Amino acid sequence: MLSCEVVVIGGGHAGIEACLATSRLGLSTILVTSNLDRIGYMSCNPAIGGLAKGHMVREIDALGGEMGLATDHSTIQFKRLNATKGPAVRGSRSQCDKQLYSEYMKGVVQRQVGLKVIESEVKSLLLEGDSCHGVLLSDGSQISSRSVIVTTGTFMNAVMHMGGEQTAGGRAGDKATVGLSDQLRSYGFVVNRLKTGTPARLIADSIDWSKTTPQHGDPTFYPFSFRSPRQLQQPQTVCYLSYTNENTHDIIRKNLHLSPMYCGAIEGVGPRYCPSIEDKVTRFAEKASHQTFLEPEGLNTNLIYLQGISTSLPAAVQNEFLKTIPGLEAVKVARYGYAVEYDFVEPTQIQMTLESQGIDNLFLAGQINGTSGYEEAAAQGLWAGLNAAFKIIDRSPFLLRRDQAYMGVLIDDLVTKGTKEPYRMFTSRAEHRLVLREDNTLDRLSDVSEQVGLLGTETFSILKSRFSMRDDIKNNLIKSIVYPNDATNKILIDKGSAPLLKPASFEVLLRRPEISWATLEALGGPNFAVTDVDVFEGVEIDVKYSGYIKRQLDMIRQSVKMESLALPRSLNYGEVQGLSAEEREKLVEKKPETLGVASRISGVNPSAIQAILVYLKGHKSNTGTGDRTWKKQMRKSYLSGELRNGSPT
Amino acid sequence: MSYLARDKDIIFALATPPGHGAIGVVRVSGEGCAEICRPLLGFLPKTPVSHKVYYGFFKDPKTAEKVDEVLVSYFSRGRSYTGEESLEISFHGSPTLIEAAMMKLGDVGCRPADRGEFTYRAYMNDRIDLLQAEAVQSLVQSRNSQVSHQALRQLEGQLSGTIQEIKLEIIRLLAHLEANIDFATEGLEAINFEALNAWINNIELKITRLVNSYSAGKVLRDGLRVAIIGCPNAGKSSLMNAILGKNRAIVSEHAGTTRDTLESSQYFGQILSTLVDTAGLRETDDSIEKEGVLRSVETIEASDLVLYVFDILKGWTDEDQTHYDKILKSRPVLVVGSKKDLLAAEVKVPALPKPHFLVSSLTGDGLIGLTQSIEQMFSDTLDGDGGFLISARQHRLLSHVQNCVVAAKGLILERFGEEIIAIELREALKNLNDLLGIDLSEDVISKIFSDFCIGK
């Protein structure tokens, strides 16, 4: 019988971050995967990043996770999204070579000291009482461990649909995982169903590219990882844009009854932001055409990913409508699009650390928690891995607040509010969007990362010198003055800005929305040898957003206070006076860890928070001793990465 | 230890029962309240002494106009009900006046207390024990779920309809902005600033109308005060008796009988109205009468509507016109010609300001027309399609929403980025959340997906 300290089930994006984190922290780890070749495989769009998602990749990287490095290594087209918009809403997105990405991850996993990979299936968890102590494999052997992290993705009881055909499996070419969700259900977990879809993969040679519009990547590369080289490591490719048209739509409409999603063959809610082409054509019938991007899946493959046309219509119908799309008149399909329905665990049953509420030492991370997206999965994998490790070595839990990282928003949303459809991160989910930017990821997380300990200490001294360089520049801007004269004012007027009537500092000028760093340089800006775009961009942002950032910081300071008050798990809400029946029910169900979490539960009003405070004050002596240590730990964790110098930027 | 930002706010609330009384006391609690209220209570010394009562005028913070003569009891920290520095301001007991004063408290930065908040603070500062606090909490909870009277409920239905409209507009606008941030690459139409401008202006209009409706809604909440004014012996007391249908006032032949003011209430339609009979307006040397005349002036100021009564036989005099013009400057006036029964049929009625009514308190002729008109006047405005704000809390929250919308408007005009405009709109939405007691953030995301065809 094998034994180790941590078992990770599933070698997808969540599983990889989890097993790397635990093994790098010195805990013996075994990764169990049903297919060694599919470690780090991208099931759907061969791309990493995007708005909010890219932010999370950087956060994962800042903490010592692997996704950023893998992405940078395999980037074959890079784009900075919203480049002309404000800094808080700019994001990075990389089109990747699927094979290179997967090989990179496989290599890292196989070389990792303390990490063993086994190709097998997990039949069930080994449970005793309310605690998990290992897994039972399909060949009858067991692995005993101190914790288990489940990162099975979309594989639990998964069924793929294409037209009327149904095949068991979490992904084309992969088996389903059977047994785990039933076991969880028998332990009282609420396990529901979700669905997701994927488009067809086409053969590049069969496409008439002349009918499509080429889309090139950006010339400037912003690597996801601060540890990656600044230059692109792979040759870059071109993507191509095409459109559906009314003919396409007609075919789809005529055959809607053959779509499993439309004739009710699939239970399970799908993501709204990943609608199938059937959805698009029905809900937005007035749109005469929908755009689609043809993305190469890699440098050495003939496969083209048809973005935006996810479907589960029968193969024959897919063939028919695909051929109406410009460029695809003679297309050959390598693999048809299909839908997958799968089990997921309602995430309100999980704690903030991603340890399950019902079973000790069992952690859940990734799409099994109802999220969608590789980045969301990886973020959870890292979070769960760190917490599983910290629990074993008796450190305070690893937690991030909503104002510290998108990861914080993700976990808080999942655990506090749960999800009815595959959860995807958007910038609009973050109330502190202004302070959660790509450019300040390291500012926000370097202290936390240092405490976490996945990265070496030399890394942090380099970072600190960058921070002080930025402060120097900003001070310089405040001290240097621009004088009003014809030349200066002409430059300003050209930019659509008001001319100067009296001398002003460069800093004051930079606050104007229409003035950029480039303008300052044109005005004979202060002379620094600043080539590091991250540095001067950071200054630009600080200055432009300063008023609003200050407001955000005030709000953040307030919420930190609320987060610092831990609520004992044994709190008897039945005894709290002044709660409505609905509020009481919600509080009992969610068992919020802190006052902050309680205040975010939908339906819980400020008067209820008041009521809880009154109760806690009056019942100070009644909290359990076991809870006190947990409380102290929670409080410490939440305040980790406290506002640096009073500001997270 | 305060966990909530709002625990640091300076709160105020009416401490005496609502309605008319001899005095009305407003309690203010919070560190620094004396300083914050200084623009209103300039007569307070720099360092007031605890438990001392100070006399002076409560003034408008901007115009320094006197609002009322007041007594202020000051309590230093640790020696008040809540344990915080506190004031108790005693006003004359006119609801209109106190309402106005509380608005001014809001203007200088205080806010109306939520139910049970004084007690909550008292408990958190160890001034009362848990049992007492919990008793209040339960009471608060049960009061929250009680149903207020029919008319208010009806209005809340109308009101919530308007608020829903405003909410939906803000969500739509916000969703548009957010879609352009998170899904910019998906072939959405770019933001059209002209359209945004029109949009936000529309929202601002709706909210402003609603915020301004607060005073009209007050009529329903607090009832209508109708002052019966006129020269001596014009027939005021008779009119009051006739309307009320009982011999409430003292009626006699001499001018100047009603020395003091007399009040009585009845419903005009849905509105509880208090009629106030006053001494005749005239110059007099009789000190008791003088007092009565002064009261009339005060009564006019404390009323929502004035019935100006004149004797038809004596005709509409210049003195009447003068008084009428003066009163009309500040509030609605209905002219009532009394003693119609004594009017010979062929005598021409002089030109009278409109609206006017000719009545006979003796026979009842014309009275129904008068009372129906009064009912109509206020019901009309209340039946308006907008709905009315009933409570100070609603007013405060919607004022916040208004501020955010105005700020957003400015940002749109200056072409700021979507993420900045979104901040103001989100703040507006948060205040609407508080008002409606729900979490609207999912609504925005839903709206994005229902309105825009996006997604890979």
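About the thresholds
In every chain, residue numbers begin from 1 and rise along the written sequence. Here every chain gets a letter starting at A, and every ligand a number starting at 1, in the order they are written. With pLDDT at 70 or above as the cut-off, local features in this predicted model cover only qualifying residues; side-chain atom pairs require 80 or more to be listed or tallied, and sums for whole chains, interfaces and linings still use all residues. As a rule here, side-chain values cover all heavy atoms of the structure and leave hydrogens and water aside. Helix and strand assignments come from DSSP, with helices taken as H or I runs of at least 4 residues and strands as E runs of at least 2, each series counted from the N terminus. Only C-alpha atoms enter the radius of gyration, while the globule expectation follows 2.2 Å times N to the 0.38, with N the number of residues. The contact criterion used throughout is that any non-hydrogen atoms of two residues lie within 4.5 Å. In these tables, accessible area is a Shrake-Rupley quantity obtained with a 1.4 Å probe, and a residue counts as shielded only by the protein chains included in the view. Residue exposure (1.4 Å probe, protein chains only): buried if accessible area is under 20% of the type maximum, exposed if over 50%, otherwise partly exposed. Simply put, the buried area is the total loss of 1.4 Å probe accessible area from both parts when two parts are fitted together. What makes a salt bridge here is a side-chain nitrogen of Lys or Arg within 4 Å of a carboxyl oxygen of Asp or Glu, nothing more. Pairing of N or O atoms within 3.5 Å defines a polar contact, subject to two protein rules: one partner must be a possible hydrogen donor and the other a possible acceptor, and residues neighboring in sequence count only if both atoms are side-chain atoms. Polar here means any residue other than Ala, Val, Leu, Ile, Met, Phe, Trp, Tyr, Cys and Pro, which are nonpolar, and Asp, Glu, Lys and Arg, which are charged; Gly is therefore polar. Pairing of aromatic rings covers Phe, Tyr and Trp, the last counted by its six-membered ring, and requires centre-to-centre distances within 6.5 Å; plane angles under 30 degrees mean stacked, over 60 mean edge-to-face, and any other angle means tilted. Either the NZ atom of lysine or the CZ atom of arginine qualifies as a charge over a ring when it sits within 6 Å of the ring centre and within 35 degrees of the ring normal. Per residue, pLDDT measures the predictor's confidence, with a range of 0 to 100. Like charges within 9 Å and nonpolar side chains (Val, Leu, Ile, Met, Phe, Trp, Tyr) within 5 Å are joined into patches, using only residues over 30% in relative accessible area that form no salt bridge. For helices, the axis comes from a line fit to the C-alpha atoms of the stretch in contact; other axes are also lines fit to C-alpha atoms, and the angle between any two N-to-C directions lies between 0 and 180 degrees. Any angle between 65 and 115 degrees counts as roughly perpendicular, while under 35 counts as roughly parallel, over 145 as roughly antiparallel, and the rest as oblique. Crossing handedness is read from the near helix: turned anticlockwise from the far helix by less than a right angle, it gives a left-handed crossing, and turned clockwise, a right-handed one. A pair of strands is labelled paired if DSSP reports no fewer than 2 bridges between them.

Undergrad: Explain the overall build of chain A to me, using residue names and the numbers behind them.
TA: For chain A, the helix and strand inventory stands at 20 helices and 23 strands. Computed over the C-alpha atoms, the radius of gyration of chain A is 26 Å, within 12% of the 26 Å expected from 2.2 N^0.38 for a compact globule of 649 residues. Taking the principal axes of its C-alpha atoms as reference, chain A extends roughly 80 × 75 × 50 Å. Relative to all contacts within chain A whose residues are 6 or more apart in sequence, the contacts with residues 24 or more apart total 75%. Accessible area of chain A: about 23400 Å², with a carbon and sulfur share of 51%.

Undergrad: Any details on helix α3 (residues 117–124) of chain B? Residues and values, ideally.
TA: In terms of burial, α3(B) is largely enclosed, as 8 of its 8 residues are buried. For α3(B), the complete set of buried residues consists of B:Glu117, B:Phe118, B:Thr119, B:Tyr120, B:Arg121, B:Ala122, B:Tyr123 and B:Met124.

Undergrad: Account for the interface of chain B and chain A, with residues named and values stated.
TA: Quoted interface sizes are often the accessible area lost when the parts come together. Listed by partner, the interface residues are 52 residues for chain B and 55 residues for chain A. Counting each side, the surface lost to burial between chain B and chain A is near 4700 Å², with a carbon and sulfur contribution of 56%. At the boundary of chain B and chain A, one finds 2 salt bridges. Residue B:Asp126 is joined to A:Lys617 by a salt bridge in which the shortest nitrogen-to-oxygen separation is 2.7 Å. Summed over the shared surface of chain B and chain A, the number is 7 residue pairs in polar contact (both at pLDDT 80 or more). Of the residues contributing to the side of chain B that touches chain A, the split by class is 22 nonpolar, 13 polar and 17 charged.

Undergrad: Please give an account of the packing of aromatic side chains that cites residues and values.
TA: Residue and element names in this part refer to chain A. Overall, the coordinates contain 9 aromatic pairs over all chains when judged by the stated rule. Taken together, a centroid distance of 6.3 Å and an interplanar angle of 35 degrees make the contact between Phe78 and Tyr222 tilted. Residue Phe78 is located in strand β5 (residues 75–81), and its partner Tyr222 is located in the loop between β15 (213–215) and β16 (239–243); the two are separated by 144 residues in the primary sequence. Here Tyr222 falls in the buried class, since its relative accessible area comes to 13%. Against the face of Tyr423 rests Arg429, its NZ or CZ located 3.9 Å from the ring centre.

Undergrad: So what's going on with unusual backbone geometry? Which residues, and what values?
TA: Residues and elements named next belong to chain A. Even without being glycine, Asn157 reaches a positive phi, approximately 50 degrees. With respect to the helices and strands, the residue Asn157 is situated in the loop between β11 (147–150) and β12 (159–162). The phi dihedral of Asp394 is positive, around 60 degrees, even though this residue is not glycine. Note on placement: Asp394 falls in the loop between α9 (374–392) and α10 (406–417).

Undergrad: Summarise the pattern of salt bridges; cite the residues concerned and give the values.
TA: Should their charged atoms come close, side chains of opposite charge can pair. Inspection of the entire model under this criterion finds 49 salt bridges over all chains. With a closest N to O distance of 2.7 Å, B:Arg111 and B:Glu117 form a salt bridge. The exposure class of B:Arg111 is buried, given its relative accessible area of 7%. Take B:Glu117: its relative accessible area is 0%, and that puts it in the buried class. We note a salt bridge from B:Glu117 to B:Arg121, for which the minimum N-O separation is 3.8 Å. A residue pair is termed a helical-turn pair when its members lie 3 or 4 positions apart in one helix, as B:Glu117 and B:Arg121 do in helix α3 at 4 residues. One salt-bridge network, held together by shared partners, links A:Arg402, A:Asp412, A:Asp413, A:Lys417, A:Glu431, A:Glu563 and A:Arg600.

Undergrad: Break down the side chain of A:Ser480 for me, citing the residues and quoting the values.
TA: Residues and elements named next belong to chain A. With respect to the helices and strands, Ser480 occurs in the loop between α12 (457–479) and β22 (481–482). Residue Ser480 is classed as buried on the basis of its relative accessible area of 17%. At a separation of 2.8 Å, a polar atom in the side chain of Ser480 contacts the main-chain carbonyl oxygen of Asn476.

Undergrad: Describe in detail the confidence of the model for chain B, supporting the description with residues and values.
TA: Taken as a whole, chain B shows an average pLDDT of 78; of its residues, 73% reach a score of 70 or greater. Scoring the predicted complex yields pTM 0.75 and, for the interface, ipTM 0.78.

Undergrad: Which residues make up a nonpolar patch on the surface, and what values go with them?
TA: A contiguous nonpolar surface patch, about 300 Å² in accessible area, is contributed by B:Val53, B:Tyr55 and B:Leu71. Tracing the backbone through its elements, the reader meets B:Val53 in strand β3 (residues 53–59).

Undergrad: Describe the packing of helix α6 (residues 246–254) of chain A against helix α8 (residues 315–322) of chain A, with residues and values.
TA: Residues and elements named next belong to chain A. Between α6 and α8, the least distance of the axes is 9 Å, while the angle of their chain directions is 165 degrees. If you check the angle between α6 and α8, you find them roughly antiparallel. In the packing of α6 onto α8, the handedness of the crossing is right-handed. Residue-level inspection shows Thr248, Ile251 and Ile252 of α6 in contact with α8, the latter providing Val317, Glu320 and Phe321. Class assignment for the residues of the contact of α6 with α8 results in 4 nonpolar, 1 polar and 1 charged.

Undergrad: Give me the sheet that holds strand β3 (residues 29–33) of chain A: which residues, what numbers.
TA: Residues and elements named next belong to chain A. Taken together, the 5 strands give an open sheet; going across it, the order is β7-β3-β2-β11-β21, and neighbouring strands pair in parallel fashion. Looking at the sheet topology across the chains shown, the edges are occupied by β7 (115–119) and β21 (362–364). Strand-to-strand twist of the sheet, defined as the mean angle between neighbouring strand axes without regard to direction, takes the value 20 degrees. In the sheet, β11 pairs with β21 via 3 bridges, with the strands oriented parallel. Of the residues in β21, the one forming a bridge with Val150 is Leu364.

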